[in-house]
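Residue-level listing of the chains:
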Amino acid sequence: MAAFQLLLLPLLWSTPAAAYPPRHPGSCQIVQTDVLCRDLGLREAPGSLPQHVNMLDLSHNQVENFTMETLAHRRDLRHLNLRSNKIHFVQPGLFKDMTNLKTLDLSRNHLNLFAQTKTHMGPLAAVESLDLSSNGLYTGMTDYLVSDCPSLLNLSLSSNSITKVAQNTFSGSPSLRRINLHNNVVLEIEDGAFDSLKHLDDLDLSKNSISCITDFNLSRLKLLNLSQNSVELFQSVSSTQPYSLHTLDLSQNKMHYFPLLPTNNVIEFLDLSRNRLLSLNVSGSPQQKAAVVLNHLQVLDLSYNQLRSLPESFLQSMDALSFLNVSNNCIKSFSVADRPLRSVRVMDLGYNSLQSLSIGPKSLPLLEELFLQGNALSTLDHHTFQRLPSVRLLQLQQNDLKVCEEEPSPPWIQRRPGPPGCVFFTTIPSLEFLYLSENNLRRLPAGAFTDTQLKLLDLSLNPGLDVDKHSLSGLEDSLVHLLLKESNISKLNTDLNSLQRLRYVDLSTNHLMSLPPLTQESKIESLNLQNNNLVTLDYRTILALEHSLKTLYMGSNPLSCCSNLGFLHLVQHSSVVVPDIEAVTCAHKESSHPVSIETVTKEMCDRQSGQSNTTVIVVIVLLVVLILVALLAKWCHMRRRKHARGFSA
């Protein structure tokens, strides 16, 4: 009966195709021994192919049945791409004699219909890479497709509907190194399902429905991806056997506790982000809290959990740790004072509830980037950041920190270091990027950043910020980016001309009524002046900018059309780009509404100037007439009085 079904299927499936006239196929491209027939509306492989073909690309066509006649016994093929067709029948034994075929892509077809006949597709004697993704396959169907693949190394079954991985699922492919089961509906993995695969290195089970992993014993596995499941528990077998696993991704699951990892492990990358971790106890057991030994760990991601603390004891065995991310948790206090993290280069503690931060001398000797944004830091040791000898980047946005004044040079001079809770940013030679936006800063003292090499300084969103004239002293040869947007600044006292490397300045959304004075020495390339109170721009400053400026933002300012001829020339005749040009308007007496700066002409301003001159002349004439009338009236009055005295009795 099965044989009868097998003979009948090609006839049945070819009937709908015959009901429609075939599209006239385009011409395939032939490049040496590669034949490219992608997206040509083909229903079968073209008959007139070169004698020797190394690679045949028939992807994105209309092929439904794949038979001996379709390939005309092509034994020399090494790569065959049949992706995105409508294949629902493959003649058994079709690939038997293709002893050179290494790569076969059958993804995005309808092989679930073929598998329903319970007919084996193989053998695939030489195939090393097989892609069966997006074929509507469900549990048990893969047995008929990979049952005889002795050389298969890479297998993709992603985006199917497989719910169970059985013991015999991969028994016909003993050489497998990589298996991709991403985006299925795997609920169950039978014991021993992968035990026969002695060479398995990489297993991707991401985006499935797995709820727990108990007795994990794949000691040869190197990469395991279990992200986007429903894993609540991960436990390895109790053994001293060495494990090869170096990458474990458990992100986006439902774990409440730290996984129980192999004791003798070489894990380098561990991702536990976006879980429900409440503590770092192993599987909820207080006794196993100290059992976490990760001597080889380099990257640890614990972000987006519910951790309330990160004990120093938890990190004590992580001598190789280079990247630590515990952002977006509920941590209130962090200390790395007693047990140094000698290899950490990047540490992210952003968006917690940090109120206390303790960094001991020499505890983070290699730290280059420290992220502390979105916390509640207000009171820190004055010298907290001066204890980081290698730090390049400090992200301190959204805190409540104050900046200490420059320390006096002679050590015997006693001076108060500023308000309580302030921190020093001086004498940190490695510091290049400093973000202090949204810190409620009120004052930036003189010499606040001396003996640093700051390239970027962000002081934005600090309303009412008072910037001292010498605040940026010491940054003349380093500062490139200066951000001061939304700080209610009405006048900038700082001399930007002294900052020889300054290229990018953001002064948007302030109350500036005039440009900061700039000379020909300025090298500013990008200047943002949006949302200020600028009416007239200083002509000399515009001339100074014209030789270096490349980008200028000027929208939402109450500009006067005809009092800014230098700016008009800059916009209309120079190479300066104004990205928000549509929002740059000005006031003109001939219009009751703001006028686009692009439409203003010299003639409009000449008319306005002529009208203004006429008005001035009229006013002057009227004044002269009034003066003459007044003088005449006075002269008449004096004559009357004189005449009256001459005829008195």
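Residues numbered from 1 in each chain as written. Predicted model: local features only at pLDDT ≥ 70, side-chain atom pairs only at ≥ 80, totals over all residues. Heavy atoms only, no water.

S.K.: Help me understand the overall build of the protein chain, please; the structure alone is not making it clear to me.
M.R.: Scanning the protein chain from N- to C-terminus turns up 7 helices and 38 strands. Scored against the burial criterion, the 649 residues of the protein chain give a buried share of 45%. Long-range pairs, those at least 24 residues apart, make up 48% of the contacts in the protein chain with a sequence separation of at least 6. For the protein chain, the exposed surface amounts to about 31,900 Å²; the carbon and sulfur share of it is 52%. (Helix = DSSP H or I, 4+ residues; strand = E, 2+ residues; numbered from the N terminus. Buried < 20%, exposed > 50% of the residue type's maximum accessible area, 1.4 Å probe, protein only. Contact = heavy atoms within 4.5 Å. Areas by Shrake-Rupley, 256 points an atom, 1.4 Å probe, with all protein chains shown as cover.)

S.K.: In this structure, what is going on with the layout of surface pockets? I would like to understand it.
M.R.: Unfilled space is identified by rolling a water-sized probe across the atoms. Considered as a void within the structure, the largest pocket measures approximately 490 Å³ in volume. Along the wall of the largest pocket there are 22 residues; nearest its centre are Ile189, Glu190, Asp191, Ile213 and Thr214. Those elements that place two or more of their residues in the lining of the largest pocket are β12 (188–189) and β14 (212–216). Tallying contributions element by element places β14 first for the lining of the largest pocket, with 5 residues. Residue composition of the lining of the largest pocket, grouped by class: 13 nonpolar, 4 polar and 5 charged. (1 Å grid on protein atoms, 1.4 Å probe; cavity = no way out; pocket = protein on both sides within 12 Å on 5 of 7 lines; lining within 4 Å. Points joined across faces, edges and corners; volume = space filled by probe spheres on them. Nonpolar A, V, L, I, M, F, W, Y, C, P; charged D, E, K, R; others polar.)

S.K.: Can you walk me through the sheet that holds strand β38 (residues 595–596) in this structure?
M.R.: Within a sheet, each strand pairs with its neighbour through backbone hydrogen bonds, oriented either parallel or antiparallel. Across the sheet, 3 strands lie side by side as β36-β37-β38; this open sheet has mixed pairing. Looking at strand neighbours, the two that pair on one side only are β36 (559–560) and β38, the edges of this open sheet. With 2 bridges joining them, strand β37 (residues 585–587) and β38 adopt antiparallel strand pairing. In the sheet register, Thr585 faces β38, and the bridge partner there is Ser596. (Pairing = 2+ DSSP bridges.)

S.K.: Help me understand the environment of Glu69 in this model?
M.R.: Structurally, Glu69 is set in helix α2 (residues 68–71). With a relative accessible area of 66%, Glu69 lands in the exposed category. In this structure, the C-alpha to C-alpha distance between Glu69 and Ala45, residues 24 residues apart in sequence, is 9.0 Å.

S.K.: What should I look at first to understand helix α5 (residues 539–546) in this one?
M.R.: Residues that lie three or four places apart on an α-helix share one face, since the helix turns once every 3.6 residues. Considered for burial, the residues of α5 that qualify are Thr541, Ile542, Ala544 and Leu545. For α5, the angular spread of the buried residues around the axis is 160°, confining them to a single face. Contact partners of the buried residues in α5: β34 (526–528) and α6 (565–573). Structurally, the start of α5 carries an N-cap: the backbone nitrogen of Arg540 is 3.3 Å from a side-chain oxygen of Asp538. (Arc of directions from axis to C-beta. Polar contact = N/O pair within 3.5 Å; in protein donor to acceptor, adjacent residues only side chain to side chain.)

S.K.: Could you clarify how one ought to interpret the state of the cysteines in this entry?
M.R.: What is meant by a disulfide is a covalent connection between two cysteines, made through their sulfur atoms. The tally for this structure, following the rule as stated, stands at 4 disulfides. Linked covalently through their sulfurs, Cys28 and Cys37 form a disulfide whose S-S length is 2.1 Å. What sets the handedness of the Cys28 and Cys37 disulfide is the S-S torsion sign, and at about 115° it is right-handed. Under the relative-accessibility criterion, Cys28 is labelled partly exposed at 24%. For Cys37, a relative accessible area of 0% gives the class buried. Here Cys562 engages in a disulfide with Cys605; their sulfurs sit 2.2 Å apart. Between Cys562 and Cys605, the S-S dihedral sits near -85°, and the bridge is therefore left-handed. Here Cys562 is found in the loop between β36 and α6, whereas its partner Cys605 is found in helix α7 (residues 602–646), with 43 residues between them in sequence. A residue is classified by how much of its surface remains accessible, and Cys605, at 8% relative accessible area, is buried. By sequence-ordered numbering of the bonded cysteines, the protein chain has its disulfides arranged as 1-2, 3-4, 5-7, 6-8. (Disulfide = S-S within 2.5 Å.)

S.K.: Before we go on, may I ask you to explain the nonpolar core in this structure?
M.R.: Soluble globular proteins tend to bury their nonpolar side chains together. One finds Phe258, Leu302, Phe385, Phe449 and Phe567 to be the most contacted residues of the largest nonpolar core, which totals 168 residues. Mapped by element, the contributors of at least two residues to this core are β6 (89–90), α3 (111–115), β14, α4 (312–315), β21 (333–336), β23 (356–359), α5 and α6. At 4 residues, α6 tops the list of elements feeding residues into this core. In contact with Leu302, other than residues within four places in its own chain, are Phe258, Leu272, Ser273, Leu277, Leu280, Leu307, Leu310, Phe314, Asn325, Val326 and Asn329. (Core = buried A, V, L, I, M, F, W, Y, C linked by side-chain atoms within 4.5 Å.)

S.K.: Before we go on, may I ask you to explain the packing of aromatic side chains in this structure?
M.R.: Using the criterion set out here, one finds 7 aromatic pairs in the structure. Cluster of aromatic residues (ring-pair linked, three or more members): Phe216, Phe234 and Tyr243. Above the face of the Tyr304 ring, Arg274 is positioned so that its terminal group lies 3.8 Å from the ring centre. (Phe/Tyr/Trp six-rings, centres within 6.5 Å; stacked < 30°, edge-to-face > 60°. Lys NZ or Arg CZ within 6 Å of the ring centre and 35° of its normal.)

S.K.: What is the right way to look at the pattern of salt bridges in this model?
M.R.: Scanning the model with the defined rule gives 11 salt bridges in all. Each of Arg392, Glu432 and Lys455 takes part in salt bridges that share partners, so that together they form one network. (Salt bridge = Lys/Arg side-chain N within 4 Å of Asp/Glu carboxyl O.)

S.K.: What should I look at first to understand the side chain of Thr384 in this one?
M.R.: Its place among the elements puts Thr384 in the loop between β24 (369–371) and β25 (393–395). If we ignore the near neighbours within four places in the chain, the residues touching Thr384 are Leu357 and Ile359.

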